[in-house]
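Structure assessment
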Amino acid sequence: MSSTTWHARVECGRETGAGFLVSERHVLTCAHVVRDSGAAGVAVSFPHRAELGAVPAVVGAHGGWSGHDDHSGDLAVLELDRPVPIPPAGFAAPDDAYLEPRPRLVAYGFPRGYAEGTIAEYRATAAQLIADEWVQLEAWSAHGQPLAPGFSGAAVTLADNGLVVGMVSAVAGAAGVRNGRMLPAPVMARYWPRLAELIPVPGRGRAARHRLRTLVEDAEKAGPAAGRSAAWAPERLYLDAVGPLGPPVPPGGFASLWSAAWYVLSEVDVPGAVERFADRLTELAGVRGAGELGAGPGAGPAGDARRVCDVRDAPWVREGRDAAGGWEAGARGAVRSADGVPGAVPSAAGGPEPETPASVTPGAPAAPRAAGRAPSAWSPILVELARSGAGDDQVLVEVSACRDGHRHPVGSRTLARSQVRPYVQERIDAAFGQLAPDAEELIAFVLPREWLNEPVAHWERSVDDPTPLGCSYPLVVTDRARRAGGLRHQLARTWERLDGKSTTVVHRVECATGEQPNKLRFRLRSGEADLAGFAAPPRAPRLKRHFEVSLNAPAPVLLWARVGCEHEGGGNGGAGAAVDAGAAVEAGAAVEAGAAVEAGAAVDAGGTRAADGVRTDPGHTRPAGDCGETTPAAGAAGTPATAPAPPTSCPGSAFLDQLAAHLTRLPPAELPRRVLALRESADAADEPDRHWARDIQLLWDDPRCFPDAAAAPLRSPVT
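Thresholds applied
Along each chain, residues carry numbers from 1 onward, in the same order as the chain's sequence is written. Local features are withheld for residues below a pLDDT of 70 in this predicted model, meaning they are given only at 70 or higher, and side-chain atom pairs are given and counted only at 80 or more; totals for whole chains, interfaces and linings count all residues. Only heavy atoms go into the side-chain values, all of them from the structure, while hydrogens and water stay out. Helix numbers and strand numbers start at the N terminus; a helix is a DSSP run of H or I with at least 4 residues, a strand a run of E with at least 2. When a residue's accessible area, from a 1.4 Å probe over protein chains only, is under 20% of the maximum for its type it is buried; when over 50% it is exposed; and in between it is partly exposed. Contacts are assigned to residue pairs that have any heavy atoms within 4.5 Å of one another. In these tables, accessible area is a Shrake-Rupley quantity obtained with a 1.4 Å probe, and a residue counts as shielded only by the protein chains included in the view. Take the buried Ala, Val, Leu, Ile, Met, Phe, Trp, Tyr and Cys residues and link them wherever side-chain atoms come within 4.5 Å; each set so joined is a nonpolar core. Salt bridge, as applied in this entry: a Lys or Arg side-chain nitrogen positioned within 4 Å of an Asp or Glu carboxyl oxygen. For helices, the fitted axis covers only the stretch in contact; all axes are lines through C-alpha atoms, and the angles between them, taken along N-to-C directions, range from 0 to 180 degrees. Here is the rule for angles: anything less than 35 degrees is roughly parallel, anything more than 145 is roughly antiparallel, 65 through 115 is roughly perpendicular, and the remaining ranges are oblique. It is the rotation of the near helix from the far one that decides the hand of a crossing: anticlockwise by less than a right angle makes it left-handed, clockwise makes it right-handed. Asp, Glu, Lys and Arg are counted as charged, while Ala, Val, Leu, Ile, Met, Phe, Trp, Tyr, Cys and Pro are counted as nonpolar; the rest, among them Gly, fall into the polar class. Strands were regarded as paired on the criterion that DSSP finds at least two bridges between them. A residue's pLDDT is the confidence the predictor assigns to it, expressed on a 0 to 100 scale. Put simply, two rings from Phe, Tyr or Trp (the six-membered ring, in Trp's case) pair if the centres are within 6.5 Å, and we call them stacked under 30 degrees between planes, edge-to-face over 60, tilted for the rest. For the purposes of these results, a polar contact is taken to be a pair of N or O atoms within 3.5 Å, where, inside protein, one atom must be able to donate a hydrogen and its partner to accept one; residues adjacent in sequence count only when each atom of the pair is a side-chain atom.

Helix and strand content of the protein: 13 helices and 23 strands. Relative to its 719 residues, the protein shows a buried fraction of 58%. A fraction of 72% describes how many contacts in the protein between residues 6 or more apart in sequence connect residues 24 or more apart. Surface exposure of the protein reaches about 26,800 Å², of which carbon and sulfur atoms provide 51%.

See the structure below:
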């Protein structure tokens, strides 16, 4: 190789991997190599410049890798504590690794026993990407150094000139199989836009690439202020640029506006596509300075790269404690909203409503700061949870702060369920440090569908403050399955319609509804209803399909009570809902016949929960488990015209009545703030556990507010 000084050894806790210098202050490596950077710190050394010693570093950016063995976005950008006097690596053109005959590729790694490093020789099997993310590598010979732990993050370079074509990210798990995977340089540039200026693109000089990146950054900043609409969808901009005869959107769509821009720039051979993409961005955002995006001068000196690569994003730390904490196995589905039933309604607890703040007086017009307020004005803190392949008790946790349309990760770990809550509490506090002082905070739990009924709003704010999270900040849940693809695009278009509304049309879904799921889907998709309110939790047998239909419609807002009707038709209620046998439950929960229930919920021998967790009217003489075929008042959308029962005959129906009274006059964008006020009122009531809003769950999903998720995971890392 023409130069080796920029090869780096990266150490983080027990992990040792490789990396490579791309500017005097930045080293690229795999995110999984520095997974414990918050607790252990990161040290970077350069074997061919031993006199420099170990240089401390922090993770300045990463590609969205969420901790699972096979997740995509396994890229971390390390920011060195001080500049190093070493010429950075250079990059080859994107296709240079796939010429015929295949060129020899080399990687410089640090497997066990090779503290000074060693070289492995490989070749690219094909130019085709695996899952639109990786290129497969195969051994150059049967007797050389195989890829092994310690090569993660190593630059893959052309043997004849030392130019970088990618980074080692994975190795085959089967014994005797000598292949692996690399993250090619163009894919790395999707996750770190500044890298695009270092990768030669035929016909596009560095200046042109820099102008496009700057334009995208300016447009992303202008998007929230402009009330971003569906026209901002990366897929829409891409199709506008390539035209009807251009290549289709790649499978899975684009993870961000930049990923679409980079795809057009580096992988699309359609004359004028880049210019049309830039013009469309300029038109939407009113951004100046698109400039000439045609062919420009070649790559400039390394110093130019250093100036554009100086990022100071929030460090991606992975801290945690072993303190005990609860984790509840959730229920499947999600919903929310209110209805249009007029007039005051009695409390579901049977007594007078606790006095509410003036801003949430029942029946009074809402006083939002601005009607039709753009939801993207929120500054969310995302708490993303998912099952881990490491075991049934393991949960993948990532906490990020969202600012100016970008995610700033502040913590990511794989934890036992008992450790999830204290870790989330700690990382949420850290995330606030990444928000602007005047930011409108919003806590958003991104959950798998089967966990959408988790009582996250009841989690304590911190170990020192028992105030529920849902009473401290606006708090919502969102469906992890809707974070990408066509559903995300449809949600953005629905919000474009909802932005102009000053009131909300809520469709009631009663626990004993006679409405067929396909009818509900039609109402939600046609705009006949803005959102759906459910009388029972997601796993209620009669409503489970209605929840699924609402999520897939897709309805942007759903509301329900975590504790709902417990009769045969609505069953499997809220906090005491039975879940899969063996699921982890809150400390102190009572369990009968293998069904897990939340703390304090009593289960009798027949599996019917006692009424302590079900809020019913004290004067109600029916058995707690018998709601009958009740219906809402005549005229409520989507309900059969059977004789209505008294509103107190069913806790779920009473809950929907309350939603109608409190939420109908609000624009949908204001619902997180109003639900916060309702939770505060419930918490301040004389009998909080009997208040109708005690267990209100709000699924609120505006993709313009939440930055795009990384692509789906696929392959295990080397280390």
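Bringing the nonpolar core into the picture now. Within the largest apolar cluster, 77 residues are counted, with the highest numbers of intra-cluster contacts made by Leu-385, Val-397, Phe-445, Phe-534 and Trp-700. Top contributing element to this core by residue count: strand β16 (residues 440–447), with six residues. The contact partners of Phe-445, leaving out residues within four places of it in the chain, are Val-383, Leu-385, Val-424, Val-456, Trp-459, Leu-469, Leu-475, Val-476, Val-477 and Thr-478. Counting residues in each nonpolar core, the second largest holds 71 residues, with Ala-155, Ala-219, Leu-237 and Val-268 among its members.

Glancing now at the pattern of salt bridges. Two side chains with opposite charge may pair up if their charged atoms get near one another. Using the criterion set out here, one finds 31 salt bridges in the structure. Across the pair Arg-673 and Glu-440 runs a salt bridge, and its minimum N-O distance is 3.1 Å. Note that Arg-673 is positioned in helix α13 (residues 671–684) and Glu-440 in strand β16, a separation of 233 residues in sequence. Here Asp-689 makes a salt bridge to Arg-694, at a shortest N to O gap of 3.1 Å. Given the relative accessible area of 48%, Asp-689 is considered partly exposed. Salt bridges sharing common partners tie together Arg-194, Glu-197, Arg-213 and Glu-217.

One way to put it is that helix α4 (residues 234–242) packs onto helix α5 (residues 257–267) with a least axis distance of 9 Å and a crossing angle of 20°. As summarised for this structure, α4 and α5 are arranged roughly parallel, according to the angle between their axes. α5 is crossed by α4, and the crossing has right-handed handedness. Residue-level inspection shows Pro-234, Leu-237 and Tyr-238 of α4 in contact with α5, the latter providing Leu-257, Ala-260, Tyr-263 and Val-264. Looking at the contact of α4 with α5 residue by residue, the class counts come to seven nonpolar, no polar and no charged.

Note the cis peptide between Glu-100 and Pro-101, where omega equals -10°. Tracing the backbone through its elements, the reader meets Pro-101 in the loop between β6 (76–80) and β7 (105–109). That bond from Ala-553 to Pro-554 is cis: its omega, -5°, falls within 30 degrees of zero. Turning to its location among the elements, Pro-554 is positioned in the loop between α11 (544–552) and β22 (557–561). The backbone phi angle of Ala-131 is positive, close to 55°, even though this residue is not glycine. Mapped onto the elements of the fold, Ala-131 is located in the loop between β8 (118–124) and β9 (135–139). For Ala-131, a relative accessible area of 44% puts it in the partly exposed group. You will see that Asp-132, though not glycine, has its phi angle at about 60°, which is positive. Given the relative accessible area of 25%, Asp-132 is considered partly exposed.

For the rest of this paragraph, the subject is the pairing of β7. Regular strands show a simple pattern: their side chains alternate between the two faces of the sheet. The element β7 is extensively covered by neighbouring structure, given that five of its five residues are classed as buried. Along β7, one buried face is formed by Leu-105, Ala-107 and Gly-109 and the opposite face, lined by Val-106 and Tyr-108, is buried too. By the bridge criterion, five bridges tie β7 to β8 in an arrangement that is antiparallel. Across the sheet, Val-106 pairs through a bridge with Glu-121, a residue of β8. Summarising the sheet, β7 and strand β10 (residues 155–158) pair through three bridges and their orientation is antiparallel. Bridge assignment links Ala-107 to a residue of β10, and that residue is Val-156.

This next bit is on the environment of Pro-537. Summarising the element assignment, Pro-537 is placed in the loop between β21 (531–534) and α11. With a relative accessible area of 0%, Pro-537 lands in the buried category. For the pair Pro-537 and Gln-697, spaced 160 residues apart in sequence, the C-alpha separation works out to 9.2 Å.

Below, the discussion takes up the sheet that holds strand β5 (residues 55–62). Strand order around the closed barrel formed by six strands is β1-β2-β3-β6-β5-β4, with antiparallel pairing between neighbours. Strand-to-strand twist in this sheet, taken as the mean axis angle between neighbours without regard to direction, amounts to 40°. For strand β4 (residues 42–45) and β5, the ladder comprises three bridges, and the chain directions are antiparallel. Residue pairing across strands places Ala-43 opposite Pro-56, the latter belonging to β5.

Around the barrel, which closes on itself, the six strands sit in the order β7-β8-β9-β12-β11-β10 with antiparallel pairing between neighbours. Here the average twist between neighbouring strands, direction ignored, is 45°. In this sheet, β9 lies alongside β8 in antiparallel orientation, the contact comprising three bridges. When the sheet's bridge partners are listed, Ala-124 is paired in β9 with Leu-137.

Let's shift gears to the confidence of the model for the protein. For the protein, mean pLDDT is 73; residues scoring 70 or higher make up 69% of the total. Across residues 287–375, where pLDDT falls below 50, the model places 291 contacts with residues more than four positions away in sequence or in other chains. Across residues 709–719 the pLDDT falls below 50, and counting only partners more than four positions away or on other chains, this stretch makes 52 contacts in the model.

With that out of the way, let us pick up the packing of aromatic side chains. Where two aromatic rings form a pair, the distance of their centres and the angle of their planes describe that pair. Enumeration over the complete set of coordinates arrives at 14 aromatic pairs. Here the aromatic rings of Tyr-238 and Tyr-263 are separated by 5.8 Å at their centres, their planes lie at 70°, and the arrangement is edge-to-face. Of this pair, Tyr-238 sits in helix α4 while Tyr-263 sits in helix α5, and the two are 25 residues apart along the sequence. Owing to a relative accessible area of 0%, Tyr-238 belongs among the buried residues under this scheme. In this structure Tyr-263 comes out as buried when scored by relative accessible area, which is 15%. For the pair Phe-534 and Phe-547, a centre-to-centre distance of 4.0 Å together with 25° between the ring planes defines the contact as stacked. Here Phe-547 lies in helix α11 and Phe-534 lies in strand β21, a separation of 13 residues in the sequence. We note that Phe-534, like Phe-547, is buried. Among the aromatic residues, those joined into a ring-pair cluster are Trp-6, Phe-20 and Phe-91.

Quick look at the environment of Asn-552 now. Following the sequence through the fold, Asn-552 ends up in helix α11. Filtering out sequence-adjacent residues up to four positions away, Asn-552 remains in contact with Arg-449 and Leu-487. Engagement of the side chain of Asn-552 in a polar contact is seen with the side chain of Arg-449, the distance being 2.7 Å.

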